[in-house]
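# Tertiary structure, described
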Amino acid sequence: MRSIIMNERTYLFLAGVYILVALYFDFEYMIYGLVVLLMLEGLSGMRLTTSFQKAGHISLDHGLFSLNSRHRFNVDALSVWRVVMASVLASSLILVHEYEIEMLWFIPWFMGFAIMGAGASGVCPMHLGLRWAGFK
């Protein structure tokens, strides 16, 4: 039996595609489900990528370009990334759908393309910024 190999780069690409598909077909509850998953992963520190790697008895690097900076905070940058992305995604969707602020429609679309691009290229500007700010 072949195990599923998933690192952060693959996760980002799949999350970006998931957001874009959900937006295209107007399935906002799919995005809210992703927001809940990202919040749970970010706040608990338990990520799907590490769970898949532990189940397959392998250890992979996250696959993203990162800066070697001094750690000012004892919090993982990928966990902070998940909380920030979930917060921005949920707040923009709530403002668009519930409060009918239509000029914010581009934020979830931009996030979907940016996250998918970060997964495809391996360079995530948000992750680099969080590492530069001092998260480990």
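Everything that follows concerns the structure shown earlier in this document.
How each quantity is defined
Residues numbered from 1 in each chain as written. Predicted model: local features only at pLDDT ≥ 70, side-chain atom pairs only at ≥ 80, totals over all residues. Heavy atoms only, no water. Core = buried A, V, L, I, M, F, W, Y, C linked by side-chain atoms within 4.5 Å. Buried < 20%, exposed > 50% of the residue type's maximum accessible area, 1.4 Å probe, protein only. Helix = DSSP H or I, 4+ residues; strand = E, 2+ residues; numbered from the N terminus. Contact = heavy atoms within 4.5 Å. Axes fitted to C-alpha atoms, helices over the stretch in contact; angles between N-to-C directions. Parallel < 35°, antiparallel > 145°, perpendicular 65-115°, else oblique. Nonpolar A, V, L, I, M, F, W, Y, C, P; charged D, E, K, R; others polar. Left-handed = near helix turned anticlockwise from the far one by under 90°. Phe/Tyr/Trp six-rings, centres within 6.5 Å; stacked < 30°, edge-to-face > 60°.

## Quick notes on the nonpolar core
With 28 residues, the main nonpolar core has Ile31, Trp81 and Ile115 as its most contacted residues. Listing elements by their share of this core, those giving two or more residues are α1 (8-24), α2 (28-44), α4 (77-97) and α5 (106-121). Discounting residues that sit within four places of it in the chain, isoleucine 115 has contacts with Leu12, Phe13, Ala15, Gly16, Ile19, Trp81 and Met85.

## Here we look at the packing of α1 against α2
One way to put it is that α1 packs onto α2 with a least axis distance of 9 Å and a crossing angle of 150 degrees. Our classification of the angle between α1 and α2 gives roughly antiparallel. Contacts between α1 and α2 involve Tyr11, Ala15, Tyr18, Ile19, Ala22 and Leu23 from the first element and Met30, Ile31, Leu34, Leu37, Leu38 and Glu41 from the second. Here the contact of α1 with α2 is composed, by residue class, of eleven nonpolar, no polar and one charged.

## A closer look at the packing of α4 against helix α6 (residues 125-133)
At a minimum axis distance of 9 Å, the contact between α4 and α6 shows a crossing angle of 125 degrees. By the angle between their directions, the pair α4 and α6 is classed as oblique. Classified by chirality, the crossing of α6 by α4 is right-handed. The residues of α6 that touch α4, namely those facing Ala77, Leu78, Val80, Trp81, Val84 and Met85, are Met126, His127, Leu130 and Arg131.

## A closer look at the packing of aromatic side chains
Taken as a whole, this structure holds six aromatic pairs when the rule is applied. Taken together, a centroid distance of 6.0 Å and an interplanar angle of 25 degrees make the contact between phenylalanine 25 and phenylalanine 27 stacked. With relative accessibility at 49%, the residue phenylalanine 25 sits in the partly exposed group. Three or more aromatic residues joined by ring pairs form one cluster here, namely Tyr24, Phe25 and Phe27.

Note that every value here comes from positions in space, so none of it alone points to a role or purpose.
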